[in-house]
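Here is what each chain is made of, one letter per residue.
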Amino acid sequence: MARTASPPREEQHPPLSVLRTQAVILILSTVLYATAEQLYAAAGGPVPLLLAVVAGALFGLLLSLLVHEWSHYAGARLAAGQILPVTRRRLFVFNWDFTHNGPRQFMAMSYAGTAGSLLTLVLLVLLLSPPSPGGAAAIAASAGSLAFAAVIEWPVLLRVHRGAPPLEALQGIGRNTLLIAAAVSALVLLLVALSYLPLLH
């Protein structure tokens, strides 16, 4: 989910500037995944298998995270939400302006992120079936990413639906929430990966 506003004195990067950096990272991850898949298909063996699984998981995770964040951005724009530039080119695309946005804009922005994650997962399942080990790892990582975001974001949305101001609703996210989200994400990733074992070729 988008972060709160950052100090104005720091250098600011608009979304398109962030996109260029993220696009390069995603392209490199895609090339690594494709190369590892080709190596495993050609040679087989435990080392190429491990490389394909790691590269696939990295690709699925990065793709899901980036689509999730850019879906937040699209939701914010569609709801006429006010956004602020980020100060570092990292995962987050923008900072949320809590002063000039209301619950309606916040919920539109939040729901769009979930929709993006679900769409990414569905597309990976459709495009990578029947899966290779790397493809199964990509799908499992995408599912784990969705689970992580859901544990963090859905309770916030519920509090906003019940009338809490968005900024106040976000205060419930603490260290324990992040640990629980990480545990649920890892469990979902593992279960999805295990479900694909009988289908691997």
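Sequence order sets the numbering: in each chain, residues are counted from 1 along the sequence as written. With pLDDT at 70 or above as the cut-off, local features in this predicted model cover only qualifying residues; side-chain atom pairs require 80 or more to be listed or tallied, and sums for whole chains, interfaces and linings still use all residues. In computing side-chain properties, one takes all heavy atoms of the structure into account and sets aside hydrogens as well as water.

Caption draft 1: View of the overall build of the protein chain. Helix and strand counts for the protein chain come out as six helices and three strands. Secondary structure elements follow DSSP: runs of H or I of four or more residues count as helices, runs of E of two or more count as strands, with numbering from the N terminus. When its helices and strands are written in sequence order, the protein chain yields β-α-α-β-β-α-α-α-α. For the protein chain, whose C-alpha radius of gyration is 18 Å, the value lies close to the compact-globule estimate of 17 Å for 201 residues. When its C-alpha atoms are laid out on the principal axes, the protein chain stretches across 55 × 35 × 30 Å. In the protein chain, which comprises 201 residues, the proportion classed as buried is 44%. For this analysis, residues touch if any pair of their heavy atoms sits within 4.5 Å. Of the contacts formed within the protein chain by residues at least 6 apart in sequence, a portion of 74% connects residues at least 24 apart. Residue-level accessible areas treat just the shown protein chains as cover; the underlying method is Shrake-Rupley with a 1.4 Å probe. Carbon together with sulfur atoms contributes 71% to the accessible area of the protein chain, which is approximately 10800 Å² in total. Positive and negative charge centroids in the protein chain, built from 11 and 7 side chains respectively, lie 3 Å apart. Based on C-alpha atoms, the radius of gyration is set beside the globule rule, defined as 2.2 Å times the residue count to the power 0.38. Buried residues are those whose accessible area, probed at 1.4 Å on protein chains only, stays under 20% of the maximum for their type, while exposed residues exceed 50% and partly exposed ones sit between those limits. Only four residue types enter the tally: Lys and Arg on the positive side, Asp and Glu on the negative side, with His and both chain ends excluded. To locate a charge, take atom NZ for lysine, CZ for arginine, CG for aspartate or CD for glutamate.

Caption draft 2: Up close: the packing of aromatic side chains. Only the six-membered ring of Trp is used, alongside the rings of Phe and Tyr, when aromatic pairs are assigned; centres must lie within 6.5 Å, and planes under 30 degrees apart are stacked while those over 60 apart are edge-to-face, with the rest tilted. Tallied over the entire structure, the rule returns six aromatic pairs. Centroid distance Trp-70 to Tyr-73: 5.3 Å. Interplanar angle 75 degrees. Geometry classified as edge-to-face. Of this pair, Trp-70 and Tyr-73 both sit in helix α2 (residues 46-78), three residues apart, roughly one helical turn. When the centroid spacing of 6.3 Å and the interplanar angle of 40 degrees are considered together, the rings of Phe-98 and Phe-106 count as tilted. For the pair Phe-98 and Phe-106, one class covers both residues: buried.

Caption draft 3: Geometry of the environment of Leu-127. Within the element layout of this structure, Leu-127 appears in helix α3 (residues 103-127). Between the C-alpha atoms of Leu-127 and Asn-95, which are 32 residues apart in sequence, the distance is 33 Å.

Caption draft 4: Summary view of the environment of Leu-62. Looking at the secondary structure, you find Leu-62 in helix α2. Spatially, the C-alpha atom of Leu-62 lies 9.5 Å from that of Ala-138, the residues being 76 residues apart in sequence. Residues in contact with Leu-62, not counting those within four places in the same chain, are Ile-25, Leu-26 and Ser-29.

These values are about where atoms sit, not about what they do.
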